[in-house]
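# Descriptive analysis of the structure
As a plain string of letters, each chain reads:
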Amino acid sequence: VRVFNFAAGPATLPLEVLEQARAEMTDWQGSGMSVMEVSHRSKAFVAVAQQAEADLRELMAIPPNYKVLFLQGGATGMFAAIPLNLTTPDSLVEFINTGAWSKKAISEAKKYCRVNIMADEAASNYSTVPDAASLRVDPKAAYLHYTPNETIGGVEFPYVPAAGGVPVVADMSSTILSRPVDVSQFGLIYAGAQKNIGPSGICVVIVRDDLIGKARPGTPSVWDFDAMAREGSMLNTPPTFGIYVAGLVFKWLKKQGGLAAVGERNRNKAERLYAAIDNSGYYANPVAKHCRSWMNVPFTIPNPDLEKTFCAEAAKAGLVNLEGHRSVGGMRASIYNAMGIDGVDALIAFMRDFQQRHG
Ligand SMILES: Cc1ncc(COP(=O)(O)O)c(C=O)c1O
């Protein structure tokens, strides 16, 4: 039986996508083989990769002057690859620190270039984002990096930082495809696949043309954005199964009505869950209301000793992976695109029941 899987990543995938992958598993497109067993250079597979890119471009309305890359090494790989491609050792990069993933990006970038943390939400214990008007970006900076959605803290920017012509680089790992974005506001968008795109193993990079072609000497070829763009992300063997499933997810998103429709559904899911938390007098979410994540909803209960019981009883009811991140405790419900409103409502019903029995 399928459960409602609230994991932060790898995360739940659309059932229809899984069923199609299963149906095609041993005989893909009449080849007598699975998609995993065909050459990445075959016409049939190249068509899959090209269609995946075309569908992603359509979904996100990616302008023609942006390259779309499917790279390996995850978002963590990009924490290094982005400075390698966009900076020299003397370059200054501006960072906004809103929590755990910002910090990881910062410590990796420090290996390659000069880093300035222009805003740091430590004083709020990373429960909010800086005021948009307070941001001052050095006009000489190579780029401004921020994390639009902090997967662990559940903090999401309600705005895109204005950087006055300095390219904005966004780690959209846990928010990409959750609603429409204006890609032209960004120099580079990147996202690990395992939340809203598909299986782990791919990182999508969307990068403006003028930012590539300047990788430092010593950059591994598989992380050289220009080299990979010229080779259609196939300078080496790509994660073919991941690209295939990502392509199925993009088709599924189009069938859902595209990102405007998906965004409305996500807003509704998040509003219901936060309302249930706020109105309970029992559960609590620590994030400032204007920047609560639509994708990752951390919550606590008054008696932390009951957290294990909560998660165990939830799992028995078919609601799994509600444990908070090991660094923060509490609970966390990740409600990505593939989590339906039925899953959110089932969670809310369970939370009410748990509160009645233990509150
Ligand atoms: C916002 C964010 N950035 C980066 C990462 C790291 O991604 P990966 O494990 O693909 O390197 C994650 C993973 O959960 C994330 O949520």
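In short, a report on the structure. (Residues numbered from 1 in each chain as written. Predicted model: local features only at pLDDT ≥ 70, side-chain atom pairs only at ≥ 80, totals over all residues. Heavy atoms only, no water.)

### Let's talk about the overall build of the chain
- Each helix and strand in the chain was counted, giving 9 helices and 13 strands.
- For 359 residues, the compact-globule formula gives about 21 Å, and the C-alpha radius of gyration of the chain, at 21 Å, lands near that figure.
- Over its C-alpha atoms, taken along the principal directions, the chain stretches across nearly 60 × 55 × 30 Å.
- Counting across all 359 residues of the chain, residues that qualify as buried make up 55%.
- Residue pairs at least 24 apart in sequence account for 68% of intrachain contacts in the chain once pairs closer than 6 positions are excluded.
- Carbon and sulfur atoms make up 53% of the accessible area of the chain, which totals about 15,200 Å².
- A gap of 1 Å separates the mean positions of the 34 positive and 34 negative side-chain charges of the chain. (Helix = DSSP H or I, 4+ residues; strand = E, 2+ residues; numbered from the N terminus. Rg over C-alpha atoms; globule rule 2.2 N^0.38 Å. Buried < 20%, exposed > 50% of the residue type's maximum accessible area, 1.4 Å probe, protein only. Contact = heavy atoms within 4.5 Å. Areas by Shrake-Rupley, 256 points an atom, 1.4 Å probe, with all protein chains shown as cover. Lys, Arg positive; Asp, Glu negative; His and termini not counted. Charge placed at Lys NZ, Arg CZ, Asp CG, Glu CD.)

### A look at empty space enclosed by the protein
- Enumeration according to the criterion identifies 2 cavities of 30 Å³ or more in this entry.
- Volume-wise, the largest cavity comes out at about 60 Å³.
- Every residue lining the largest cavity is listed: T12, L13, P14, K195, N196, I197, G198, V249, W252, L253, N337 and A338.
- Here the residues of the lining of the largest cavity sort into 7 nonpolar, 4 polar and 1 charged.
- Its volume calculated, the second largest cavity comes out at about 40 Å³. (1 Å grid on protein atoms, 1.4 Å probe; cavity = no way out; pocket = protein on both sides within 12 Å on 5 of 7 lines; lining within 4 Å. Points joined across faces, edges and corners; volume = space filled by probe spheres on them. Nonpolar A, V, L, I, M, F, W, Y, C, P; charged D, E, K, R; others polar.)

### Here's the deal with the pairing of strand β2 (residues 66-71)
- Counting buried positions along β2 gives 5 out of 6 residues, so the element sits mostly inside the fold.
- Inspection of the sheet shows β2 paired to strand β10 (residues 203-208) by 6 bridges, in the antiparallel sense. When the sheet's bridge partners are listed, L71 is paired in β10 with C203. (Pairing = 2+ DSSP bridges.)

### Examining the site of the ligand
- Taken together, G74, A75, T76, F79, W101, N149, T151, D171, S173, Q194 and K195 are the residues near the ligand.
- Between the ligand and T151 there is a distance of 2.4 Å, counted from an oxygen atom to a side-chain nitrogen or oxygen.
- Notes on the ligand: free accessible area 390 Å², of which the protein chains cover 85%.
- A total of 4 residues in the shell around the ligand trace back to one element, the largest contributor, which is helix α3 (residues 74-86).
- Residue classes in the shell around the ligand are distributed as 3 nonpolar, 6 polar and 2 charged. (Near = heavy atom within 4 Å. Polar contact = N/O pair within 3.5 Å; in protein donor to acceptor, adjacent residues only side chain to side chain.)

### Considerations on the packing of aromatic side chains
- Evaluation of the coordinates by the stated rule reveals 12 aromatic pairs.
- Pairing W28 with Y244 gives two aromatic rings, centres 6.5 Å apart and planes at 85 degrees, and the pair type is edge-to-face. With W28 in the loop between α1 (15-23) and α2 (43-60) and Y244 in helix α6 (residues 240-255), the pair connects residues that are 216 residues apart, well separated along the chain. The same class applies to W28 and to Y244, which are both buried.
- On the basis of an interplanar angle of 75 degrees and a centroid distance of 5.7 Å, the ring pair of F299 and F310 is categorised as edge-to-face. (Phe/Tyr/Trp six-rings, centres within 6.5 Å; stacked < 30°, edge-to-face > 60°.)

### Description of the environment of S200
- One can find S200 in the loop between β9 (188-192) and β10.
- Residues S200 and P239, 39 residues apart in the sequence, show an inter-C-alpha distance of 9.4 Å.
- The contact partners of S200, leaving out residues within four places of it in the chain, are P10 and Q194.

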